[in-house]
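Close look at the chain arrangement
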Amino acid sequence: MFNKFLKIFECFLVCVFFVLLLSSCSVSIEKPFPIPMLTSVKDLTSEIENPNPVSINTYAVKESVDGRSDKAFFKQNGEAFEVDAELGPMVREAFEIALSRQGFQFSPKGPAVFSLTIKKWSFEITKGFVNGAIAEAELGIELFTPSLKRTYQGVYSGRSEVSSFVMDNNKAKEVLSLAMAHAITQAVEDKGLMLAVASIR
């Protein structure tokens, strides 16, 4: 009798354990949706130490816009999650930080002139024993001369993944931020783009 009771109690504990485990593997994305931060650009980009001041190239940014047709970062049960903020200026600031680490300096007069367009920035969640989130970002960059003749263009992609038992706003912010930071890093590591900037006088 005691052994039978012990087995029933063990089964009860196992059931409780799995209920608690499943409840911990939750997705809790809520509004207001967090604004991604691109401070990780500093960690991802290499820095040129003591650049030659004679050879320093200057640049300007003509525009930095959110060109996505769908402004939602995430959709859940038919509900779109957007942010109440201008994303273009934030991406521009991060791009300028990445350029400065490559030895370039900002100047309103250029002569190199950039145009930035956010083409993609969103993430998806995969539910499972451990939840996962995959974020993707695309940044279109055009380079112009002072007369606004386009000399270079490219689309740079970034991707980031994260796994967690609990998928919440903080994890969403983290994975989105890293995806765009990777896209910006890919841009400043494009030797063709950097040589094109340096060639504009």
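Given the structure is predicted, the values throughout are model-derived calculations rather than measurements.

Some details on the overall build of the protein
On a plain count of helices and strands, the protein comes out with 5 helices and 9 strands. Reading the secondary structure of the protein in the N-to-C direction produces α-β-α-β-β-β-α-β-β-β-β-β-α-α. For the protein, the residues scored as buried account for 42% of the 201 residues in total. For the protein, the exposed area adds up to about 11600 Å²; of that, 56% sits on carbon and sulfur atoms.

Some words on the sheet that holds strand 5 (residues 105-106)
Ordered by their spatial adjacency, 5 strands build an open sheet running 5-2-6-7-8, and the pairing between neighbours is mixed. Looking at strand neighbours, the two that pair on one side only are strand 5 and strand 8 (150-164), the edges of this open sheet. Relative to strand 6 (residues 112-126), strand 2 (residues 58-66) runs parallel, the two sharing 7 bridges. Among the inter-strand pairings, S64 is bridged to a residue of strand 6, identified as L116.

Description of the environment of M90
Mapped onto the fold, M90 is located in helix 3 (residues 87-100). By relative accessible area, which is 16% here, M90 ends up buried. As a C-alpha pair, M90 and M37 span 53 residues in sequence and 8.1 Å in three-dimensional space. Setting aside residues no more than four positions away along its own chain, M90 makes contact with I35, P36, L38 and W121.

Things to note about the environment of L148
Relative to the assigned elements, L148 resides in the loop between strand 7 (131-144) and strand 8. Residue L148 is classed as partly exposed on the basis of its relative accessible area of 49%. Ignoring anything within four residues of it in the chain, the contact list for L148 reads K62 and V113.

Here we look at the pattern of salt bridges
Applying the stated rule across the entire model yields 10 salt bridges. Note that D66 is salt-bridged to K71, the shortest N-O span being 3.8 Å. Residue classification places D66 among the partly exposed residues on the basis of a relative accessible area of 22%. Judged by its relative accessible area of 32%, K71 is partly exposed. Where K75 meets D70, a salt bridge forms, and the shortest distance between an N and an O atom there is 2.8 Å. Through salt bridges that share partners, K120, E136, R159 and E161 make up one connected network.

Looking at the packing of aromatic side chains
Centre-to-centre distance and the angle between the planes together describe a pair of aromatic rings. Evaluation of the coordinates by the stated rule reveals 6 aromatic pairs. Aromatic pair Y59 and F106: ring centres 5.9 Å apart, planes at 75°, arrangement edge-to-face. Here Y59 is found in strand 2, whereas its partner F106 is found in strand 5, with 47 residues between them in sequence. Among the residues examined, F106 registers a relative accessible area of 40% and is labelled partly exposed. Both rings, one in F73 and one in W121, keep their centres 5.3 Å apart while their planes meet at 80°; by these two values the pair is edge-to-face. Of the two residues, F73 is situated in the loop between strand 2 and strand 3 (74-76) and W121 in strand 6; the sequence distance between them amounts to 48 residues.

Examining unusual backbone geometry
The residue after G110, namely P111, is reached through a cis peptide bond having omega 15°. Summarising the element assignment, P111 is placed in the loop between strand 5 and strand 6. In this structure, L148 is a non-glycine residue whose phi angle is positive, near 65°.

Some thoughts on the environment of G110
Here G110 shows up in the loop between strand 5 and strand 6. Remark: the alpha-carbon pair of G110 and V197, spanning 87 residues in sequence, is separated by 10.0 Å.

Let's talk about the side chain of T185
With respect to the helices and strands, T185 occurs in helix 4 (residues 169-188). Apart from the residues lying within four places of it in its own chain, the contact partners of T185 are L44 and T45.

About the thresholds
Residues numbered from 1 in each chain as written. Predicted model: local features only at pLDDT ≥ 70, side-chain atom pairs only at ≥ 80, totals over all residues. Heavy atoms only, no water. Helix = DSSP H or I, 4+ residues; strand = E, 2+ residues; numbered from the N terminus. Buried < 20%, exposed > 50% of the residue type's maximum accessible area, 1.4 Å probe, protein only. Areas by Shrake-Rupley, 256 points an atom, 1.4 Å probe, with all protein chains shown as cover. Pairing = 2+ DSSP bridges. Contact = heavy atoms within 4.5 Å. Salt bridge = Lys/Arg side-chain N within 4 Å of Asp/Glu carboxyl O. Phe/Tyr/Trp six-rings, centres within 6.5 Å; stacked < 30°, edge-to-face > 60°.

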